Amino acid sequence: MTIVVAHVSDTHFGGPPDARRRAEAVLDHLLALDPAPDVLLVSGDVADHGLPEEYAEARAVLDRWPGPRLVGTGNHDVREPFARGLLDVELAPGPLVQVLEAADFRILMLDSLVPARDGTRIDHGELSADQLAWLDEQLGSDDRPVLLSLHHPPADLGLGLMAPILLKDPEPLELVVMQHSHVVATLVGHAHTACATTFAGRPLLVGGGCASTVPLDAEPYPVVWEAGPPTLAFHLLHDDGRLTTHWRALPWGGEA
Ligand SMILES: [Fe+2]
Ligand SMILES: [Fe+2]
């Protein structure tokens with residue numbers, strides 16, 4: 001049976017004026033699907049400023065999804081209000097790693113958020129040695145197919161805006177993934193575009209951008225194209241272990 005993961009990223013609640021309306025449109029689309037996707041994955045930048053009220057708004061929208069969901073942090077998120085607002089947990093300082101268990105597969109979610117320093121948001125991503133050890137242990141203890149997720153792409157995507165704020169030092173992550181052939185793909189956000197490349201010899205798939213789109217440098221759009229359509233991805237994990245990704249741009253008004 002094919003497993004379908006609906007992958008939404010970068011909702012940025014509290015950011016662009018239409019952020020909530022865009023997220024609602026994405027949920028409307030997902031809730032109209034028959035049959036429903038198996039899982040909703042949200043790969044970070046849920047809130048724009050990491051404020052409790054932004055997470056309350058996000059919760060109100062995401063709670064419309066009745067099925068399993070896994071929501072990770074991004075550079076715009078703040079761990080404590082994120083954990084309290086979306087996961088109902090009081091969080092000890094430190095990365096928020098998560099596992100979504102299903103009968104035939106797992107999603108392992110890393111936390112590449114670097115907390116703000118002196119009140120200034122840090123936009124690149126980092127993974128601690130502890131997280132990598134956790135990932136290696138998780139992968140070594142179970143051979144079900146794994147979709148690995150984190151916010152920051154661990155490889156260059158050819159976007160000038162993103163190049164300085166990718167995952168810093170991706171080689172240790174690459175080494176871990178290379179040692180485990182049951183990692184099917186790495187699913188990320190942050191780049192606000194529907195695109196695919198490779199990492200550790202596996203697909204590296206960006207889930208699109210809900211709040212806005214980051215176009216190619218060469219395209220005649222703003223660097224952050226706020227009028228661009230909300231995009232999302234559907235990852236289909238087939239019985240034979242292959243993954244097919246379909247990206248969808250939802251109808252959206254407005255001009256660049
Ligand atoms: Fe973002
Ligand atoms: Fe981001």
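Asks: Looking at this model, I keep getting lost on helix α3 (residues 79-87). Mind explaining?
Replies: What sets the pattern is the α-helix's 3.6 residues per turn: residues three or four places apart point alike. Along α3, the residues classified as buried are Arg-79, Pro-81, Phe-82, Ala-83 and Leu-86. Next to the buried residues of α3 lie α2 (52-62) and β3 (69-72). Immediately downstream of α3, the backbone of Asp-88 shows phi near 60°, a positive value.

Asks: Honestly, the coordination of the iron ion (ligand 1) in this entry has me stumped. Any pointers?
Replies: Geometry reference: four tetrahedral donors at a metal, ideal angle 109.5 degrees. Six octahedral donors, ideal angles 90 or 180 degrees. Note on the iron ion (ligand 1): its protein donors are Asp-10 (OD), His-12 (NE2), Asp-45 (OD) and His-192 (NE2). The metal-donor distances range over 2.0 to 2.2 Å. What the four donor atoms of the iron ion (ligand 1) show is an angle range of 86 to 173° at the metal, which sorts the shape as irregular. Read in sequence order, the donor residues for the iron ion (ligand 1) give the motif D-x1-H-x32-D-x146-H. The metal-metal distance between the iron ion (ligand 1) and the iron ion (ligand 2) comes to 3.4 Å, with Asp-45 coordinating both.

Asks: Got a minute to help me understand a nonpolar patch on the surface in this structure?
Replies: A surface patch of nonpolar side chains, about 230 Å² in accessible area, is lined by Leu-161, Val-223 and Val-224. Tracing the backbone through its elements, the reader meets Val-223 in the loop between β9 (202-207) and β10 (231-237). Residue classification places Val-223 among the exposed residues on the basis of a relative accessible area of 53%.

Asks: Looking at this structure, how should I read the pairing of β3?
Replies: Along any regular strand the residues' side chains alternate between the sheet's two faces. The pairing of strand β2 (residues 39-43) with β3 spans four bridges and is parallel. Paired with Val-42 across the strands is Val-71, a residue of β3. Crossover connection from β2 via α2 to parallel β3: handedness right-handed.

Asks: I tried to follow the packing of helix α1 (residues 19-31) against α2 on my own but got confused; where do I start?
Replies: Between two packed helices, what matters for the description is the angle formed by their axes and the separation of those axes. As a packed pair, α1 and α2 sit with axes 10 Å apart at the nearest point and diverge in direction by 20°. Judged on the interaxial angle alone, α2 and α1 are roughly parallel. As α1 packs across α2, the resulting crossing turns out to be right-handed. Listed contacts from α2 to Arg-20, Ala-23, Glu-24 and Leu-27 of α1 are Glu-57, Ala-60, Val-61 and Leu-62. Across the contact of α1 with α2, the residue classes break down as five nonpolar, no polar and three charged.

Asks: How should the coordination of the iron ion (ligand 2) be read in this particular structure?
Replies: Those donors, Asp-45 (OD), Asn-75 (OD1), His-151 (NE2) and His-190 (ND1), are the protein atoms that reach the iron ion (ligand 2), and they lie 2.1 to 2.2 Å from it. Here the iron ion (ligand 2) is ringed by four donor atoms whose angles at the metal span 89 to 164°, and the overall shape comes out irregular. Under the relative-accessibility criterion, Asn-75 is labelled buried at 4%.

Asks: Help me understand unusual backbone geometry in this model?
Replies: In this structure, Pro-35 follows Asp-34 across a cis peptide bond, with omega equal to 5°. On the secondary structure map, Pro-35 appears in the loop between α1 and β2. For Asp-88, which is not glycine, the phi dihedral falls at a positive 60°. You can call Asp-88 exposed: its relative accessible area is 55%.

Asks: What exactly am I supposed to notice about the environment of His-182 here?
Replies: With respect to the helices and strands, the residue His-182 is situated in the loop between α5 (171-178) and β7 (183-188). Overall, His-182 belongs to the buried group, its relative accessible area being 16%. Spatially, the C-alpha atoms of His-182 and Pro-215 are 32 Å apart, while their sequence positions differ by 33 residues. Apart from the residues lying within four places of it in its own chain, the contact partners of His-182 are Leu-139, Asp-142, Asp-143, Arg-144, Pro-145 and Val-146. Within the structure, the side chain of His-182 is placed 3.0 Å from the backbone oxygen of Leu-139, a separation counted as a polar contact.

Asks: I tried to follow the environment of Val-224 on my own but got confused; where do I start?
Replies: Positionally, Val-224 belongs in the loop between β9 and β10. For Val-224, a relative accessible area of 37% corresponds to the partly exposed category. Excluding anything up to four places from it in sequence, Val-224 contacts Leu-161, Ser-212 and Thr-213.

Asks: Help me understand the sheet that holds β2 in this model?
Replies: Two strands in a sheet stick together by hydrogen bonds in their backbones, pointing the same way (parallel) or opposite ways (antiparallel). Strands sit in the order β3-β2-β1-β10-β11 across an open sheet of five strands; the sheet is mixed. Because the sheet does not close on itself, it has two edges, and the strands there are β3 and β11 (243-249). Across the sheet, the axes of successive neighbouring strands diverge by a mean angle of 20°, strand direction being ignored. α1 contacts β1 (3-8), β2, β10 and β11 of the sheet and is inclined by roughly 30° relative to β10.

About the criteria used
- Residues numbered from 1 in each chain as written.
- Chains lettered and ligands numbered in written order.
- Predicted model: local features only at pLDDT ≥ 70, side-chain atom pairs only at ≥ 80, totals over all residues.
- Heavy atoms only, no water.
- Buried < 20%, exposed > 50% of the residue type's maximum accessible area, 1.4 Å probe, protein only.
- Helix = DSSP H or I, 4+ residues; strand = E, 2+ residues; numbered from the N terminus.
- Contact = heavy atoms within 4.5 Å.
- Donors = N, O, S within 2.8 Å, 3.2 Å for Na, K, Ca; no water.
- Tetrahedral: all angles 85-135°; square planar, octahedral: opposite > 155°, others 65-115°.
- Patch = residues over 30% accessible without salt bridge, like charges linked within 9 Å, V, L, I, M, F, W, Y side chains within 5 Å.
- Areas by Shrake-Rupley, 256 points an atom, 1.4 Å probe, with all protein chains shown as cover.
- Salt bridge = Lys/Arg side-chain N within 4 Å of Asp/Glu carboxyl O.
- Pairing = 2+ DSSP bridges.
- Right-handed = clockwise from strand over helix to strand, strands pointing away.
- Axes fitted to C-alpha atoms, helices over the stretch in contact; angles between N-to-C directions.
- Parallel < 35°, antiparallel > 145°, perpendicular 65-115°, else oblique.
- Left-handed = near helix turned anticlockwise from the far one by under 90°.
- Nonpolar A, V, L, I, M, F, W, Y, C, P; charged D, E, K, R; others polar.
- Polar contact = N/O pair within 3.5 Å; in protein donor to acceptor, adjacent residues only side chain to side chain.

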